[in-house]
Amino acid sequence: MTELPTRTLGDGVSVPVLGFGTYPLRGDDGVRAMVSALEVGYRLIDTAVNYRNEREVAEAVRASSLDRGDVFIQTKVPGRDHRSAKHSIETSLHVMDLEYLDSVLIHWPNPSQGGYVRAWEGLVEAKEAGLVRSIGVSNFTPEFLDEIIAATGVTPASNQIEMHPAFPQVEQRAADAERGIATQAWSPIGRGEVLDAAPVVAAAEAHGVTPAQAVLRWHLHLGSLPLPKSGDPERQRHNLEVLGFDLSEAEVDAITALGRPDGRLFGADPVSHEEM
Ligand SMILES: NC(=O)c1ccc[n+]([C@@H]2O[C@H](COP(=O)([O-])OP(=O)(O)OC[C@H]3O[C@@H](n4cnc5c(N)ncnc54)[C@H](OP(=O)(O)O)[C@@H]3O)[C@@H](O)[C@H]2O)c1
């Protein structure tokens with residue numbers, strides 16, 4: 001089984017360098033897929049209120065051979081709960097029958113709703129109350145980050161953003177790093193759509209790995225924390241086996257050069273895309 005190294009976030013909390021995405025795993029099949037992910041070695045599970053699978057995540061952790069403290073459980077507060085974020089976290093804890101969460105993120109900033117600063121204040125209160133060890137955001141631009149930091153004096157530990165070779169987020173990653181924020185990558189293999197690109201295939205062939213493994217190694221090389229999802233135990237294992245090789249700087253740069261301004265998977269620009 002692959003043992004994943006960890007990294008320490010700006011708030012001192014340690015996280016595995018690669019995690020397991022759970023959308024849209026649900027029901028008994030979802031629980032089975034999550035138990036399998038834990039058994040093959042994932043130790044960070046990413047869920048959200050809006051994935052409607054928090055109960056399955058908790059059930060999978062209990063059904064696995066692991067202790068609660070061995071698994072880093074991360075969920076997200078939905079847009080409709082921005083003005084009651086602490087209560088949203090309490091509800092997640094109730095649904096999951098847990099005493100604490102390892103990480104909670106604001107799922108989307110939803111700027112037209114004007115609630116993300118209040119939501120961040122709620123996450124800060126939840127952390128102070130011991131409900132969550134680490135707090136962060138998702139889909140936050142530098143402007144939104146600066147606004148919540150200025151309002152509270154508290155910097156998010158993580159920012160989970162869309163990141164894959166077609167949308168490598170060069171500026172946003174630099175902005176996160178300048179503020180001491182770890183970048184997490186959602187849709188890290190671009191839902192499979194970037195795996196036949198020539199630089200990805202060339203890097204994979206040069207190292208005797210698959211295109212998905214080359215892309216996940218690209219993330220680790222750049223210091224982003226990828227959260228690949230797979231419902232298939234073989235692909236789950238495969239997506240973890242990315243530590244035994246490294247890409248050259250030229251290979252990394254060639255994959256990054258696949259980026260396009262319109263490379264987002266479904267056009268979800270956080271300045272205009274909103275999810276409640
Ligand atoms: N914060 C946000 O706004 C946000 C938005 C979207 C996603 N997320 C999070 O990010 C996670 C990952 O994103 P994602 O699921 O959109 O995309 P992804 O992880 O890039 O891709 C998942 C897709 O690729 C397939 N796949 C997995 N491993 C593969 C491999 N080795 N070779 C070929 N195909 C493979 C999966 O199919 P199989 O399952 O059949 O293997 C699935 O269809 C989500 O599960 C969720 O936790 C967050």
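This one's a predicted model, so the numbers in the text were calculated from it and none came from an experiment.

**Some remarks on the UniProt feature "active site" (unreviewed entry) in the protein chain**
In step 1: Look at the UniProt record and you will see "active site" (unreviewed entry) annotated at Tyr51.
In step 2: The topology assignment puts tyrosine 51 in the loop between strand S4 (44–46) and helix H2 (54–63).
In step 3: The class of tyrosine 51 is buried, set by a relative accessible area of 12%.

**Focus: the site of the ligand**
In step 1: Taken together, 27 residues lie near the ligand, and Asp46, Arg191, Lys229, Ser230 and Arg235 sit nearest.
In step 2: The side chain of aspartate 46 places a nitrogen or oxygen atom 2.7 Å from an oxygen atom of the ligand.
In step 3: Burial of the ligand by the protein amounts to 83% of the accessible area it has alone, namely 910 Å².
In step 4: In terms of residue count, helix H9 (residues 233–240) provides more of the shell around the ligand than any other element does, 3 residues in total.
In step 5: Across the shell around the ligand, the residue classes break down as 10 nonpolar, 12 polar and 5 charged.

**Quick notes on the packing of aromatic side chains**
In step 1: Considering all chains together, one arrives at 7 aromatic pairs under this definition.
In step 2: Taken together, a centroid distance of 6.1 Å and an interplanar angle of 75° make the contact between phenylalanine 140 and phenylalanine 144 edge-to-face. Just as phenylalanine 140 is buried, phenylalanine 144 falls in that class too.
In step 3: Connected via pairs of aromatic rings, a cluster forms that spans Trp108, Trp186 and Phe266.
In step 4: Directly above the ring of tyrosine 100 sits arginine 68, whose terminal nitrogen or CZ lies 4.1 Å from the centroid.

**Comments concerning unusual backbone geometry**
In step 1: For the peptide bond that leads from tyrosine 23 to proline 24, omega is 5°, which places it in the cis range.
In step 2: Positive phi, normally seen in glycine, also occurs at aspartate 97, with a value near 55°.
In step 3: Checked against the element boundaries, aspartate 97 lands in the loop between helix H3 (85–96) and strand S6 (101–106).
In step 4: Backbone geometry places asparagine 139, a non-glycine residue, at a positive phi of 65°.
In step 5: Following the sequence through the fold, asparagine 139 ends up in the loop between strand S7 (132–138) and helix H5 (142–152).
In step 6: Judged by relative accessible area, which is 4%, asparagine 139 ranks as buried.

Conventions we followed
- Residues numbered from 1 in each chain as written.
- Predicted model: local features only at pLDDT ≥ 70, side-chain atom pairs only at ≥ 80, totals over all residues.
- Heavy atoms only, no water.
- UniProt positions renumbered as here; feature names shortened; annotations may be inferred.
- Helix = DSSP H or I, 4+ residues; strand = E, 2+ residues; numbered from the N terminus.
- Buried < 20%, exposed > 50% of the residue type's maximum accessible area, 1.4 Å probe, protein only.
- Near = heavy atom within 4 Å.
- Polar contact = N/O pair within 3.5 Å; in protein donor to acceptor, adjacent residues only side chain to side chain.
- Areas by Shrake-Rupley, 256 points an atom, 1.4 Å probe, with all protein chains shown as cover.
- Nonpolar A, V, L, I, M, F, W, Y, C, P; charged D, E, K, R; others polar.
- Phe/Tyr/Trp six-rings, centres within 6.5 Å; stacked < 30°, edge-to-face > 60°.
- Lys NZ or Arg CZ within 6 Å of the ring centre and 35° of its normal.

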